[in-house]
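Survey of secondary and tertiary structure
Letter by letter, the chains look like this.
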Amino acid sequence: MIPRFDLYDFIANLIPGLVFLWCVQVLVRLMGWHLPLDFSGGLAETSILVALSYIVGLLLQGVSQGLVEKHLLIRVWKGFPSERWLLPDDEHFSTDYKKRLLSLIAMRFKVTTEPDLPPNCSPNREQALRLKKNRELFSLCYHDVGNSNPRPLILNAHYGLFRCLLTMFALLALLSLIGLVFALLTRKSQVMALGVWTCLFLISTAITYARCKKRAEDFAQSVFDLFMVNATSKITN
């Protein structure tokens, strides 16, 4: 059993869970209800709140990875940057960089960088096979880089954090929007407050999405760059 939280657990799980619970309590109060959460209690209440926040953070991470990433981000991005950038028609890398990268991968791991395409393969099927192959190549590069530089690990942790925050703010925006509609229908006096919270959550969702996308790209770029530097130095030596 792990005796203490590490820094990543604290940042990526506890803080989003705590913020989510606090925002939910504020929204619920604006709608005239109350949750049995005490943010100003004693040691016992604080301990329970920390444990509950950590559990909620883990659930948010699970939803962000299993639902938001798998069924939203990958579809919007048409594959992870690490997979998409190695496609023949992708223009993120220059032709020379991509050619050198694939050549180094082939020499380092003694593998082919082209997928095994069946005859009469449809364009969609070919795209899926190429993305799968590129995912495998990136995984090899990532494990080859290992702990030679902490930058990929840090960027990957940031990506997970922003993905979790994106999920959190999207859920809060949905909840506040439901509360706003409820307040309009029942003519409650908290329409303005709920409207402000809805706008803040929508803006936060857009910002965290942009940062999530940027961190995913930075992570892929750092792994490829480090792999090329390490592989080139090994060849020249």
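For the structure, see preceding data.
Notes on the structure in this doc start here. Here the structure is a predicted model, which is why all the values come from computation and not from measurement. Think of each chain on its own: its residues are numbered from 1, step by step along the sequence as written. Local features in this predicted model are restricted to residues whose pLDDT is 70 or higher, and side-chain atom pairs enter the listing and the counts only when it is 80 or higher, whereas totals over whole chains, interfaces and linings include all residues. For the side-chain quantities, the full set of heavy atoms in the structure was used; hydrogens and water were omitted.

**Brief notes about the overall build of the protein chain**
To be explicit about the condition: Numbering of helices and strands starts at the N terminus; helices are DSSP runs of H or I of at least 4 residues and strands are runs of E of at least 2. Within these notes, the globule rule equals 2.2 Å times the number of residues to the 0.38 power, and the radius of gyration is based on C-alpha atoms. By definition, residues are in contact when any of their heavy atoms lie within 4.5 Å. Using a 1.4 Å probe, accessible areas were evaluated by the Shrake-Rupley method; residue-level cover was limited to the displayed protein chains.
Counting its regular elements, the protein chain contains 7 helices and 0 strands. Starting at the N terminus, the α and β elements of the protein chain follow one another as α-α-α-α-α-α-α. Here the C-alpha radius of gyration of the protein chain, 23 Å, is well above what a compact globule of 237 residues would show, namely 18 Å. Principal axes of the C-alpha set define a box for the protein chain whose edges measure 70 × 45 × 25 Å. Pairs at least 24 apart in sequence give 76% of the contacts found in the protein chain among residues at least 6 apart. A total accessible area of about 14000 Å² is found for the protein chain, and carbon and sulfur atoms account for 65% of it.

**Here we look at the side chain of Ser53**
Test applied: N or O atoms within 3.5 Å of each other form a polar contact, as long as, within protein, one can give a hydrogen and the other can take it, and as long as residues adjacent in sequence are counted only when both atoms are side-chain atoms.
By the element assignment, Ser53 lies in helix H2 (residues 43-77). A distance of 2.7 Å separates a polar atom in the side chain of Ser53 from the backbone oxygen of Leu49. Setting aside chain neighbours within four positions, we find Ser53 in contact with Asn13, Leu14, Gly17, Leu18 and Leu21.

**Observations concerning the environment of Tyr142**
We apply this condition: When accessible area is computed with a 1.4 Å probe and restricted to protein chains, residues below 20% of their type maximum are described as buried, those above 50% as exposed, and intermediate ones as partly exposed.
As for its placement among the helices and strands, Tyr142 is situated in helix H5 (residues 123-145). The class of Tyr142 is partly exposed, set by a relative accessible area of 22%. Spatially, the C-alpha atoms of Tyr142 and Phe227 are 7.7 Å apart, while their sequence positions differ by 85 residues. Non-local contacts of Tyr142, meaning those with residues more than four positions away in its chain, are made with Pro152, Leu153, Asn156, Phe219 and Val223.

**Details of the state of the cysteines**
Worth spelling out the cut-off: Only a pair of cysteine sulfur atoms within 2.5 Å qualifies as a disulfide here.
Tallied over the entire structure, the rule returns 0 disulfides. Here Cys199 stays unpaired: no disulfide links it, and the sulfur of Cys23, its closest cysteine neighbor, is 15 Å away.

**Re the side chain of Asp144**
Looking at the element boundaries, Asp144 is found in helix H5. For Asp144, the side chain forms a polar contact with the side chain of Arg108, separated by 2.7 Å. For Asp144, the residues in contact, after removing those within four places along its chain, are Arg108, Phe109, Phe227 and Lys234.

**Thoughts on the pattern of salt bridges**
Let me state the cut-off plainly: Basic side-chain nitrogens of Lys or Arg form a salt bridge, by our definition, when they fall within 4 Å of a carboxyl oxygen of Asp or Glu.
Applying the stated criterion across every chain yields a total of 8 salt bridges. Among the salt bridges present, the one from Lys213 reaches Glu217, with a minimum N-O distance of 2.8 Å. Highlighted residues: Lys213 and Glu217, both in helix H7 (residues 191-236), separated by 4 residues, approximately one helical turn.

**Things to note about the packing of aromatic side chains**
To describe a pair of aromatic rings, one takes the distance between the centres and the angle between the planes. Put simply, the test is: The criterion for an aromatic pair is that two Phe, Tyr or Trp rings (for Trp, the six-membered ring) have centres within 6.5 Å, with stacked assigned to planes under 30 degrees apart, edge-to-face to planes over 60 apart and tilted to the rest.
Within the structure shown, the criterion is met by 12 aromatic pairs. Ring centres of Trp85 and Phe93 lie 5.4 Å apart, and the angle between their planes is 70°; this geometry places the pair in the edge-to-face category. What makes Phe93 buried here is its relative accessible area of 7%. Within the aromatic cluster, the residues linked to one another by ring pairs are Trp85, Phe93, Tyr97, Phe138, Tyr142, Phe219 and Phe224.

**Examining unusual backbone geometry**
In this structure, Lys78 is a non-glycine residue whose phi angle is positive, near 60°. The residue Lys78 is located in the loop between H2 and helix H3 (81-84) in this model. Take Lys78: its relative accessible area is 63%, and that puts it in the exposed class. Of note in this structure, Asn120 is not a glycine but carries a positive phi near 55°. Taking the relative accessible area as the measure of exposure, Asn120 reaches 82% and is therefore exposed.

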